[in-house]
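Residues per chain, in single letters:
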Amino acid sequence: MASDSISASGRDTPSGLDTPDGGRPDDGHNRLTRWLNPPIRVSLWVAILAGTLMMLNVTVDVLGRTLFNLPLPGTTEFVSAYYMVAAAYLPWAWLALNDDHIKVDLFTRMLSPRGRFLQDLFAKLATILYLAIFTWQAWIMAIQQTEKGEVWEAAGFYVAVWPTRWLLPFAGALMLLYLVLRLVGDALRVRRS
Amino acid sequence: AAPLASDDAQAKELIYGSWLPQAEYTNAVALPTIFEEIKKETDGEIEWRLVPGGQLANPKTTFDAVQNGLMAAGIGIPSYVPNLVPASNTIYGTVQFGTNPVVAGAAATETLTLDCPECLAEFRKINAVPLAGWTVSPYYFACREPVASMEELKGKRVRATGVGNTELVGMTGATPVAATLVEAVSLLQRGGLDCTFGVVEWLRTFGYADFVKNLTNYPLGMTGPALGLLINRDVWDDFTKEEKILHLKKAAWFSAAQSIGQFIDNEKKALEWAQKEKGLKLIEPTDAGEFKKLTEDFDKIQRQRNIETAKGFGVKDPAAIIDAYNKNYAKWEKLAPEIGTDIDKMAEMVWQEIYSKVDPDSF
Amino acid sequence: MDTITVAVVSLAVLLALLAAKVPIGVALGLVSFGGFWILLNFDVALSTVRTIPYEFSANWDLTAIPMFLLMGAIVNQSGISTALFRAARLWLGGLPGGLAVATNLACAGFGAASGSSVAASATMARLAVPEMLRHGYDKGLAAGVVACGGTLAALIPPSILFVLYGIFAQVSIVDLLIAGIIPGILTAIVYTAMILIRCRLNPSLAPEQGREEFRSNRRERWTALAEVWPLMALILAVIGGLYGGIVSPTEAGAGGAFVALMIAVLQGRMKLPDFLASVKDAMAATAQIFFVGMGAVMYTRFLAFSGAGNFLTDTIGTWAVDPILLVLALSIVYLILGMFLDPLGILLITIPVFLPMFQALNLDLVWLGVIMVKYIEIGLLTPPVGFNVYVVKGVVGDRIPLETIFKGCFWFLACEVVIMALIIGFPEISTFLPQTMR
Ligand code: NA
Ligand code: NA
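Residues numbered from 1 in each chain as written. Chains lettered and ligands numbered in written order. Predicted model: local features only at pLDDT ≥ 70, side-chain atom pairs only at ≥ 80, totals over all residues. Heavy atoms only, no water.

For chain C, the name recorded in an unreviewed UniProt entry is TRAP transporter large permease protein, with Marinibaculum pumilum as its organism. According to its UniProt record, chain C has this under Function (unreviewed entry): "Part of the tripartite ATP-independent periplasmic (TRAP) transport system." The annotation that UniProt attaches to chain C under Sequence similarities (unreviewed entry) is "Belongs to the TRAP transporter large permease family." (UniProt positions renumbered as here; feature names shortened; annotations may be inferred.)

Given below as structure tokens:
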């Protein structure tokens, strides 16, 4: 299901998510990336779990508050620091697998095959560079906050939020690894043909 | 076009990132005043630029932004990062049940600056210099329906955040609801919330006065949320001794302006406005004694809890910090009549009693 | 480099990266990183990457986004949308161009349960286009109405774009969501009028044949309506809950998703795999948005830091421009950007530029939000890059050429000229409802 944003690939489902196994750009012929499928899937499942819990937790809180004067303490903190972070980062590698990160298709259709190859290479390298910086810094932050034992003040108690700091370097590294392996796989294929 | 920040040779432009809205007193009056004076008194050597509205960092990330040098200074609220500055949070998490923010603000600043080496050490660890503290004015219950007794608070949904406030609201028999200040507006509108627990000024700044027509006239404690000049330590170390002293003096004035201009004068104006324009009624408690008892009960509980919390974060002797705060509170209660509501007078006293005793080079 | 140079260069590099098909989130992130590096130093640039993403995502206000997406995904996955279209068809099919009118209103109804216009177009394209083609409708009209009707979803609450605008512009999200209602309904009405008039004047667009079948079956009409009333109730509950201040946007989204799930389960429309597929769609779309969003926050911070905002405000201040000139300038910028850019990208890149100008002129930021969202939605329909058109094309495949769909949108875009003139000329259309909440 779509955000208001899609890759302009004009596929049936805007984000291409209805086709978990068929017709995706990777198509499994890149043997190098295949062993990443399990962690990518597990990440996605954890995000699905987080989304479900988010809905339930907030609903219980609203019902408790409006009907019984019993809000669920810590809802704001748990939803923001746990479920939201899981939803925002864990599907990254899955999106990369489906080539579903939002981009703009402006001129590339006018390019020659060679130009298109170079453009694609450039875009991939830029993404890899960005993710490398992101993962590196998120890793440092996760260590820092774990050492500091980061907490948020909630209604009457403290919520430890440092554990979800680790989701960022994990998600970043997974997507990074996937993109690097795919690039290597592509390069090998180009050399073969 | 204006010169940019960074290594400009002649003038230092320093970025102050504030997450408060542009029109708020701190951003509209207090900060522009001291920044103007600093520029003038250093002959343009030091120029502070205010970036308001949370464009650079929010309350939680201000500490990171100052530590890393993205901002040269910002507003630091210890209770947002209790694990980073647990000793300071012991001061700022303690609720004082008086009514004068001058007293609590100055006492908190003195405790942090002169009586709590552990506090200073924890700020040194995060590459920051903590200047210009204040506490807010007392919190009140403001409700849609009149509330004159604890009995009438029972079962009411009250916006409250933070450990102490949540606990205090819970002790009245009301149900604390953790909504953000902005969310509370729509919740108050048709009964998602019955009351807010906070300063009078919110009735105006967040528009609560449209829905909340009754203020229970019993002050329920001042907490100390803020350090107004959390300065990046590298920036501080680059100052000359004179510049450091200048900033300490301006910090004293900033504390005073916040305590009096913001939390006494503006509170009064906001109350008058709400009464006149919005028909806010002051509800006198039927039995003030029960509210007094509430504060006494809470005082005992909070001492114990604050000590335990601080120990949990590794503070060595939190009891000593709280005792120092209470001692300083008593001291400033005696000095308060002399200050009245004179900002310059308070600035002078804070300088005399607190910042003049600091060695600017080893601070 | 001085302020304006830095800002202009950053924008140029950003556009160059986007043209090279670098993902928008990556382009925004890299440009801001480089910007901070140049303005301050490498360590500060690194520190922004370290702190901003987590701060941006671990945010209570933004939880409305996954929850709005989830609600729409559940409604879609459960097939309630099919029932909705069926009811609209049975009730309105008898009018001139009745199927197109029905599609348009079903889009509005689905839009009231979904936060995303691309989702609305995709769903309705699958349901309505084959039906219209079977009845000999003009291809351009058939495809155009789903592409354009889909944009109603971004105006009628819930709406992802309004949530994001509210966060970045620091405007009440509830006010924005409520403000979108009347412009959304207005758009639906103008579209409907245009379809009726065109089909009355040119019956070949929507042939009479088969209209009979919609006239006679009264009983079927009521059964169809009975099937969709829970959805109607859900929509009214969500909008009413927001308007009445009983729930916050986040709570409306989560509660709405939960109730939609209950309705779907009770009507026997949803099994566990369907539900999981809905959550998967919603979470993947959430991650998509946040990947771009955190880059946008970095870029916004960078612009704030560079002082570009102040520069623009000062410049506007010295020109002392007329608000109408500003809105006209803004219209031109959006129409051009809308031809090429992704909606999320446009929104997040332009907010830091236009917001200070509106503030400097003391204009209503809720009104600005409605204008921005309208223009972004128009951009979804204009060539060469029109996302809603692409989505519809994806669904209809070889049956309708791309050019025909863009041509089919032309009449709707002509309507937009009228609608935008009204929204700009009468700010009350947007600001009236939120003001009644005060
Ligand atoms: Na919608
Ligand atoms: Na377009």
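And the narrative resumes.
(A) Structural view of the overall build of chain B. For chain B, the count of helices and strands is 14 helices and eleven strands. Taken against the 2.2 N^0.38 rule, which gives 21 Å for 363 residues, the C-alpha radius of gyration of chain B at 20 Å falls within 12% of a compact globule. C-alpha atoms of chain B, sized along the principal axes, occupy 65 × 50 × 35 Å. When the 363 residues of chain B are sorted by exposure, 62% land in the buried category. In chain B, 78% of the contacts between residues at least 6 apart in sequence involve partners at least 24 apart. For chain B, the computed accessible surface area is about 13200 Å², with 51% contributed by carbon and sulfur atoms. (Helix = DSSP H or I, 4+ residues; strand = E, 2+ residues; numbered from the N terminus. Rg over C-alpha atoms; globule rule 2.2 N^0.38 Å. Buried < 20%, exposed > 50% of the residue type's maximum accessible area, 1.4 Å probe, protein only. Contact = heavy atoms within 4.5 Å. Areas by Shrake-Rupley, 256 points an atom, 1.4 Å probe, with all protein chains shown as cover.)

(B) Looking closely at the interface of chain B and chain C. Contact with chain B, which involves 29 residues of that partner, is made by 32 residues of chain C. Overall, the association of chain B and chain C removes approximately 2400 Å² of surface from exposure, summing both partners, and the carbon and sulfur fraction of that is 55%. With five residues, helix 8 (residues 183–189) of chain B is the single largest residue contributor to the side of chain B that touches chain C. Residues that form the side of chain B that touches chain C fall into these classes: twelve nonpolar, twelve polar and five charged. (Buried area = accessible area lost by both parts, 1.4 Å probe. Nonpolar A, V, L, I, M, F, W, Y, C, P; charged D, E, K, R; others polar.)

(C) Seen up close, the sheet that holds strand 7 (residues 175–177) of chain B. Residue and element names in this part refer to chain B. One open sheet holds the six strands; their spatial order is 7-6-8-5-9-11, and the pairing between them is mixed. The sheet is open, and its two borders are formed by strand 7 and strand 11 (281–283), each paired with just one other strand. Neighbour-to-neighbour, the strand axes of this sheet turn through a mean angle of 30 degrees, independent of strand direction. Sheet topology note: the strand 9 (residues 214–216)/strand 11 ladder contains three bridges and is parallel. Each residue of the ladder has a partner; that of Leu215, found in strand 11, is Leu282. (Pairing = 2+ DSSP bridges. Axes fitted to C-alpha atoms, helices over the stretch in contact; angles between N-to-C directions.)

(D) The coordination of the sodium ion (ligand 1), seen in detail. Residues and elements named next belong to chain C. The protein atoms that coordinate the sodium ion (ligand 1) are Gly111 (O), Ser114 (O), Ala153 (O), Ile156 (O) and Pro158 (O), at distances of 2.2 to 2.4 Å. Sequence positions of the residues that donate to the sodium ion (ligand 1) give the spacing G-x2-S-x38-A-x2-I-x1-P. Linking Gly111 in helix 6 (residues 98–111) with Ala153 in helix 9 (residues 152–155), this pair joins segments that are 42 residues apart in sequence. According to the relative accessible area criterion, Gly111 is buried, its value standing at 0%. (Donors = N, O, S within 2.8 Å, 3.2 Å for Na, K, Ca; no water.)

(E) Representation of the state of the cysteines in the model. For the structure on display, the rule yields two disulfides over all chains. Note on cysteine connectivity: Cys116 of chain B is disulfide-linked to Cys119 of chain B, with sulfurs 2.1 Å apart. The sign of the 80 degrees torsion about the S-S bond sets the Cys116 of chain B-Cys119 of chain B disulfide as right-handed. This pair shows no difference in class: Cys116 of chain B is buried, exactly as Cys119 of chain B is. Shown here is the disulfide that connects Cys143 of chain B with Cys195 of chain B, its sulfur atoms set 2.2 Å apart. An S-S torsion of about 105 degrees defines the bridge between Cys143 of chain B and Cys195 of chain B as right-handed. Of the two residues, Cys143 of chain B is situated in strand 5 (residues 140–143) and Cys195 of chain B in strand 8 (residues 195–198); the sequence distance between them amounts to 52 residues. This cysteine, Cys107 of chain C, is not joined by any disulfide, and Cys148 of chain C carries the nearest cysteine sulfur, 9.3 Å off. For Cys107 of chain C, a relative accessible area of 0% translates into the label buried. The thiol of Cys148 of chain C is not disulfide-bonded; the next cysteine sulfur, from Cys409 of chain C, is found 3.6 Å away. (Disulfide = S-S within 2.5 Å.)

(F) Geometry of the interface of chain C and chain A. On the chain A side, the residues contacting the 81 residues of chain C number 75 residues. Buried surface at the junction of chain C and chain A, both sides included, amounts to about 6700 Å², of which 73% is carbon and sulfur. Of all residues in chain C, the largest losses of buried area upon contact with chain A belong to Lys21, Tyr54 and Gln288 of chain C, amounting jointly to 13% of the total for that side. At the junction of chain C and chain A, the tally comes to one salt bridge. With its nearest N and O atoms 2.8 Å apart, the salt bridge here joins Glu251 of chain C to Arg65 of chain A. Inspection of the chain C/chain A interface yields seven residue pairs in polar contact (both at pLDDT 80 or more). With 18 residues, helix 16 (residues 272–306) of chain C is the largest single contributor of residues to the side of chain C that touches chain A. Tallied by class, the residues present in the side of chain C that touches chain A amount to 56 nonpolar, 17 polar and eight charged. (Salt bridge = Lys/Arg side-chain N within 4 Å of Asp/Glu carboxyl O. Polar contact = N/O pair within 3.5 Å; in protein donor to acceptor, adjacent residues only side chain to side chain.)

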